[in-house]
Structure formats: structure tokens, C-alpha cells
Amino acid sequence: MTSHTLKPRFAGFPAGAHRTSIPNVFFSELLAQIEDEAELRVTLYVFYALNRRKGYPRFVTLNELRAEAPLLASLGDGGGADAVANLERGLDAAIGRGTLLSLDMETPGSPTPQAGRGQGVGSDRLILTNTASDRRALDQIQDGRIELGRALPPARAAAASPKGNVFQLYEENIGPLTPIVAEELREAEALYPVEWIEEAFRESALQNKRSWRYAEAILKRWATEGRAREKAGRDPGEGNSARAQLLRRLRGDS
């Protein structure tokens, strides 16, 4: 008899969870054509990643996808070399099918188109959806008529979750960590005590509001109003604690 490791049952989507927009034609036409599991996972994740982007044109890069821990975890045990290989294979398949568009770029300085599809040192690949708007944007980028709305990121490893830090606390209480959230958590560490961040995560989980935005709102409220368990009537800006100093900066106290 084959044994199967039981995985925890999904608790359900929390109220107010963000949504990802996917064209209906993906389900009516493309879904039945995709046989490679890696292609399907990568395609869906690219839609998700692009929905998080702002500005024009919206794009995600190969280096960014290589650093997306949830994506790599879905493509191979441990998110190692096999996962990266599956990512690149799935991405090539989606580009070859015509679901996605790509353009190789140089990463140092102002990005410029680079011939070929190789990923040498100092290069990256822009990934866009194959829509009329993104096709025009790709042509304009190649012709130098528009600039990218943001700098291309350097190559980096997938976000790690070492024991005992805010990254692990986030994943234990909120959900999978992404590079964007990781950057915001680093900024939060410089502003708030770690025990505050941990408590905000747990409060978010208890309220079934599992998002960084909700936890961040809790931290900002505590910074200005103090936590409920502190003594009534005490000025939370007194003392030399990290929170007191932050509050004085926010209030403009000398």
C-alpha cells in the first residue's frame, strides 16, 4: 500500500482577500491546451505577479520569478536547482505558446534591449502578457520610445525564512513570503520592536485578516495610540523605548 503524507486542510479564503484578474479566454481556450504542469503553474503565477505591479508597462522579470519562494516551492522540493529549471522550462513553454511575451534586457544602468535569449551576467528577461497593449509596449521599449517604470532588480536567491526572525513569524501567521513583502518587513524592523511585529501578526491571524497591510495598520495604530495593555493616562511618547522615540518623531516632538 502506498503511503501518502497528509497535508493540513486549507482553512479557506479570508474575508477581504485580494484577487487576481485573469482573462476569461485563458480558461475557455488555453487551459485545455496546457499539458505541462510547470507551464500551468508559472503562467498562473505570472498573472498573480503582474497584478501586484503598478505603472506602465506592467512587467515581471525572470530574476524576480527566481526569487519568488511560493512559486519555487510549487515547482520542486525545497525550491532548489530543479525548481529553477522547471520555472525556466515552464516559462519558455508559455512564451512559445504565445500566452506570455519576453524581452532580454541588460541590468546595469539604463536598461537596453539585448539580442538573443541567453541569461548571461548582467542580463534579465522582461515578462509581459500577450495583449495588444503589452505588444505595443514591448515594441516601444525596443525602439527606445518609452522607459521602464522601475529599475530591473539584481539576481538574488529565493526569500529565506531562518528560525526566529520576522520572516518566519510572517509565514507562520500570515502566509508565504514574497520579495516585495520581505522588503517592507525589513523597513518595519527598523521602526518597530520585534515583539510588536510578532504580536501584530498574531492579532491579524486571530482576526482572520491574514495580510501584511492589516498587520501594518495595527503597528501604526500602536505607534500613535499605544497598546491597550499599557497604563491608562500614560503618555506613550515617554521614555527611550523604540516605540516612544518613533511616536515622538511622528508627532514632531522635539
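Shown above is the structure to which this text applies.
Let me begin by describing the structure that accompanies this report.

Criteria and thresholds
- Residues numbered from 1 in each chain as written.
- Predicted model: local features only at pLDDT ≥ 70, side-chain atom pairs only at ≥ 80, totals over all residues.
- Heavy atoms only, no water.
- Helix = DSSP H or I, 4+ residues; strand = E, 2+ residues; numbered from the N terminus.
- Buried < 20%, exposed > 50% of the residue type's maximum accessible area, 1.4 Å probe, protein only.
- Contact = heavy atoms within 4.5 Å.
- Core = buried A, V, L, I, M, F, W, Y, C linked by side-chain atoms within 4.5 Å.
- Axes fitted to C-alpha atoms, helices over the stretch in contact; angles between N-to-C directions.
- Parallel < 35°, antiparallel > 145°, perpendicular 65-115°, else oblique.
- Nonpolar A, V, L, I, M, F, W, Y, C, P; charged D, E, K, R; others polar.
- Pairing = 2+ DSSP bridges.

### A look at the overall build of the chain
Counting its regular elements, the chain contains eleven helices and three strands. When the helices and strands of the chain are read in sequence order from the N terminus, they spell out α-α-β-α-α-α-β-β-α-α-α-α-α-α. Looking at the chain as a whole, 37% of its 254 residues are labelled buried. For the chain, contacts bridging at least 24 residues in sequence account for 57% of all contacts bridging at least 6.

### Details of the nonpolar core
Counting residues in each nonpolar core, the largest one holds 21 residues, and the members touching the most others are Tyr170, Leu185, Phe201, Trp212 and Leu219. At the level of elements, helix H7 (166-173), helix H8 (179-191), helix H9 (194-206) and helix H10 (212-225) are the ones that each hand at least two residues to this core. Ranked by the residues each element gives to this core, the list is headed by H10, at six residues. Excluding anything up to four places from it in sequence, tryptophan 212 contacts Tyr170, Ile174, Val181, Glu184, Leu185, Ala188, Phe201 and Leu219.

### A short note on the packing of H7 against H9
Following both chains from N to C, one finds H7 and H9 inclined at 10°, their axes separated by 9 Å at the closest point. Here H7 lies roughly parallel to H9, going by the angle between them. Between H7 and H9, the residues in contact are Val166, Leu169, Tyr170 and Asn173 and Val194, Ile197, Glu198, Phe201, Arg202 and Ala205, respectively. In terms of residue class, the contact of H7 with H9 is made up of seven nonpolar, one polar and two charged.

### Thoughts on the sheet that holds strand S1 (residues 60-61)
A sheet is described by the order of its strands in space; here three strands give the open sequence S1-S3-S2, paired in antiparallel fashion. Only two strands of the sheet have a single partner each, and these edge strands are S1 and strand S2 (100-106). Of the pairings in the sheet, the one linking S2 to strand S3 (residues 123-129) comprises seven bridges and is antiparallel in character. Directly across from leucine 103, in S3, lies its bridge partner leucine 126. Running at roughly 50° to S3, helix H5 (residues 81-97) makes contact with S2 and S3 of the sheet. Along the sheet, helix H6 (residues 132-142) contacts S2 and S3; its crossing angle with S2, the most-contacted strand, is approximately 20°.

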